[in-house]
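# Structural features, examined
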Amino acid sequence: WRNTKNPGTPKNPSKKKFFFQNKAKVMVITATKRLKGRISPRKKKTGGLPMVIRKPAIANGRPRKSAREKRADAKTKKKRIFNSTTAKADYDKKKKQHEIFTLAIAFCDHHGVKAKKCLSSNPEWAEFISVQQLKDRLNGKVTFNADGVIHQRKDQSLLTPIEEASLVKWVQDCNKARNAKSRYEIGLKIREILKARYIQNKKGGRKHVEFNEFSKNVYLGAMPSKRFFTGFFGRHPEISLKRQEKLEAKRASMTNEDMVEEHFRGVYGLIAELKDAGIMDENGLILDPRRIVNLDETPAFVDFADNKGNAKTKRVAGKDDKCIGVSTENRECNTVTMCWGLDGFNYGPQIIVAKKTITEGLAVDALKVFKDEIHEEFHCSTFGIISNTQYGVQTGDTFLDYLKKLDRELSARGINEEVVVLSDSHASRKDVRVLQYAKDHRMRLFFEPPQTSHFLQSLDQYNRQFHCRYNKAKNNLKKQLDRNMNTGDFISLVARIWKDWSSVDDRINSFAQVGILQNRVAPENIDRSQFYVQPPPKEVQKVNTTIASPVGVEKESAEYWQEKYAQAQKIIEAQANREVDPAEAGIMRVEQRQNKTKVSKVRITDSYGSANMSDLLGKRKRQQDERKNQEIIKKQRRDQIAQRKAKEDSTFQTLYAAWTRCKSGCICALGDGKSCDASKLVYCEYCNQLKKKICNSKSCKDKRAAAESNAMQIEADDDDDDDDDDI
């Protein structure tokens, strides 16, 4: 740091402020306590002098890093994502350290050794605690809690145990109400709890809970620190941070115990339907599981989302280069209709393609497996049908075709009695032709309530398995093709995987998951994890304020009133020492998130339950008759309006001709100086109508006023031009 040419002079004398030069030409630098022995060359105080490096201190056997090194490490270090798992891990680590500190302090006291000797004798402890940490606790520099309890830090002691327990219950109840809270929302609720505490402290009469520095900051607007949530999740393993699953608002409003009760035990419920069809006896036993089937449709893309999201496969690429591959897609969406029996039988599929017509290209070789046969030993059918609609979705016509195929399959299996067909409430099931055909061919349609198929329909429990098998077969096929996939390839894949995409046990288990066993119904088997149950109101503990009359003491005596006074004093002290529960303050209410959509009226097609018992066919026929009558009435009204308009046009043409002839003066020669009615009419040039006086409609008045204003403005402009010419 000296000038080599002239050791007595610094490099830049104009900027040197903190130096002096003695006769020996030696520079002395005094480091102040504020700089702590470090002088940065970038600060103006040092005048550009080089940094004075002190001897690095040794901490925990490792050199202590400088602030600059710590900042560099922080930039390169991957940020640790906070979640309940890491919070519990941190809390468990502190708990382990506490146990080791207890053992280490006992070891030092028993053997009379110091911290370094203790950890060298027990090297397994050195992984969790350091020599300096143990030394601080032995010297009393850091207070050690010998009671075996991990106490909260100062920045964690925001809430009292009662407030924290109430907060945990509120978090759990909010999640059950489908309104789970985030850390930010929990922080806002903590602020409300602190505000209630402040109001109660100011009001008096109950236990006074002091505010520390950190609770004051949260009360004034700050958010609880990360350390607080680390201890919060560690102390309460019954709650944790999770990814919230989305449940549509309409489905959420129907996902409750009332829908289960209505579905099974309603007036037109499943139990009543099975008994009316002769499938269930009076004791609730199912006599023939073959007579209960469930059908549903599932949409399926031909080739879409092949390599997106979690399905991405890793490839090798340059470190700084993007890894991009080229792939083909076919986003055409078709529909596959599937049907299962309660006995585990898999009926044939219906493939609905988005085509206007069915061409020869759809007659692929894979369809040869569908031979219209029943294989009872394999619990499957080789019946099948291909239908077409404009958008590849189920309609009344295509569903009627499927019922005809299902009727042939039931006949081939020898089932000639009534069969209950469980289905969702799609509009294609409510077609009059469908209802009439089902009634005439021993099929009793039973509709589940809308938005409940995720827990009341068996096929919905295993539809994902079908898509997984299809995607796997699709990926294998794409490796062999040198072209894009088409609808014919889609049909081939469905035909290839149809026999074994589900097993007999899968089909039976799917019915069991929605509460239908092979011999009885069991609504208790339904998964109710998504159901909302109103939590019971929390009982607030109260102090008994009854003052009992003293026994064995003369009434109204001095001793009598002294004992009464003593009891009253105890009640007052108990009330004054009792902490206020936030639930008692009324700030821990749980709000359930409900569907806000309002339904103006209930349609017949929205009905659910037994179609036969509710006479849905008769209602639909009456509805069709009403619609036909309404169409006839509307047509008559349209005809009347057209006739009236034609008559008005004819009258107007006659009047207009007479007005044109007599507008300058009547020439009809009526005698006695009389004039015709047409000559008295006034023509409105804005609405092109003949009126008895000037047209008084609002639009015509506005147009007339605007025209007059424009005329006046033009006249004024002409007068100004004339004045200028005169000048």
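In case you missed it, the structure is sitting above this.
In what follows, the accompanying structure is described. (Residues numbered from 1 in each chain as written. Predicted model: local features only at pLDDT ≥ 70, side-chain atom pairs only at ≥ 80, totals over all residues. Heavy atoms only, no water.)

### Some remarks on the overall build of the chain
When its secondary structure is counted, the chain shows 21 helices and 13 strands. Relative to its 727 residues, the chain shows a buried fraction of 35%. Long-range pairs, those at least 24 residues apart, make up 69% of the contacts in the chain with a sequence separation of at least 6. (Helix = DSSP H or I, 4+ residues; strand = E, 2+ residues; numbered from the N terminus. Buried < 20%, exposed > 50% of the residue type's maximum accessible area, 1.4 Å probe, protein only. Contact = heavy atoms within 4.5 Å.)

### Observations concerning helix H12 (residues 396-412)
With 17 residues, H12 ought to run about 24 Å at 1.5 Å a step, and its terminal C-alpha atoms sit 25 Å apart, in line with that. Gly396, Thr398, Phe399, Leu400, Tyr402, Leu403, Lys405, Leu406, Asp407, Glu409 and Leu410 are the residues of H12 that are buried. Gly414, located one to two residues past H12, shows a positive phi value of around 80 degrees. (Expected span 1.5 Å × (residues − 1).)

### Things to note about the pattern of salt bridges
Within the structure shown, the criterion is met by 23 salt bridges. A salt bridge links Arg429 to Glu297; the nearest nitrogen and oxygen atoms lie 2.7 Å apart. Here Arg429, found in the loop between strand E9 (419-423) and helix H13 (432-440), pairs with Glu297, found in strand E3 (residues 292-303); they are 132 residues apart in sequence, far enough to count as distant. Note on Glu297: relative accessible area 14%, which makes it buried. In this structure, Arg433 engages Asp397 in a salt bridge whose closest nitrogen and oxygen atoms are separated by 2.4 Å. (Salt bridge = Lys/Arg side-chain N within 4 Å of Asp/Glu carboxyl O.)

### What about the environment of Ser503?
Structurally, Ser503 is set in the loop between helix H16 (487-497) and helix H17 (504-513). In sequence terms Ser503 and Asn346 are 157 residues apart; their C-alpha atoms lie 8.9 Å from each other.

### Focus on the packing of aromatic side chains
Tallied over the full model, the rule gives 15 aromatic pairs. On the basis of an interplanar angle of 75 degrees and a centroid distance of 5.3 Å, the ring pair of Phe228 and Phe229 is categorised as edge-to-face. Plain terms: the ring middles of Phe466 and Trp501 are 5.4 Å apart, the flat faces sit at 80 degrees to each other, and that makes the pair edge-to-face. Of the two residues, Phe466 is situated in helix H15 (residues 463-480) and Trp501 in the loop between H16 and H17; the sequence distance between them amounts to 35 residues. No difference in accessibility class separates Phe466 from Trp501, as the two residues are buried. Through pairs of rings, three or more aromatic residues link up here, namely Trp340, Tyr462, Phe466, Trp498 and Trp501. Sitting above the plane of the Phe447 ring, Lys430 keeps its charged end 4.8 Å from the centroid. (Phe/Tyr/Trp six-rings, centres within 6.5 Å; stacked < 30°, edge-to-face > 60°. Lys NZ or Arg CZ within 6 Å of the ring centre and 35° of its normal.)

### Quick notes on a negative patch on the surface
A cluster of acidic residues, Glu715, Asp717, Asp718 and Asp719, forms a negative patch at the surface. Relative to the elements of secondary structure, Asp718 occurs in helix H21 (residues 698-726). (Patch = residues over 30% accessible without salt bridge, like charges linked within 9 Å, V, L, I, M, F, W, Y side chains within 5 Å. Areas by Shrake-Rupley, 256 points an atom, 1.4 Å probe, with all protein chains shown as cover. Lys, Arg positive; Asp, Glu negative; His and termini not counted. Charge placed at Lys NZ, Arg CZ, Asp CG, Glu CD.)

### Concerning helix H10 (residues 257-265)
Those residues of H10 not exposed but buried are Met259, Val260, His263 and Phe264. In a view along the axis of H10, the buried residues occupy a sector of 115 degrees, so they form one face of it. Set apart from the buried face of H10 by more than 90 degrees, the exposed residues are Asp258 and Arg265. The inward-facing, buried residues of H10 abut helix H9 (249-254), helix H11 (270-277), strand E10 (443-447) and helix H14 (453-456). The N-cap of H10, judged by a side-chain oxygen 3.2 Å from the amide nitrogen of Asp258 a few residues on, is Asn256. (Arc of directions from axis to C-beta. Polar contact = N/O pair within 3.5 Å; in protein donor to acceptor, adjacent residues only side chain to side chain.)

### Considering a positive patch on the surface
Residues Lys634, Lys635, Arg637 and Arg638 make up a contiguous surface patch of positive charge. Turning to its location among the elements, Arg638 is positioned in helix H20 (residues 616-662).

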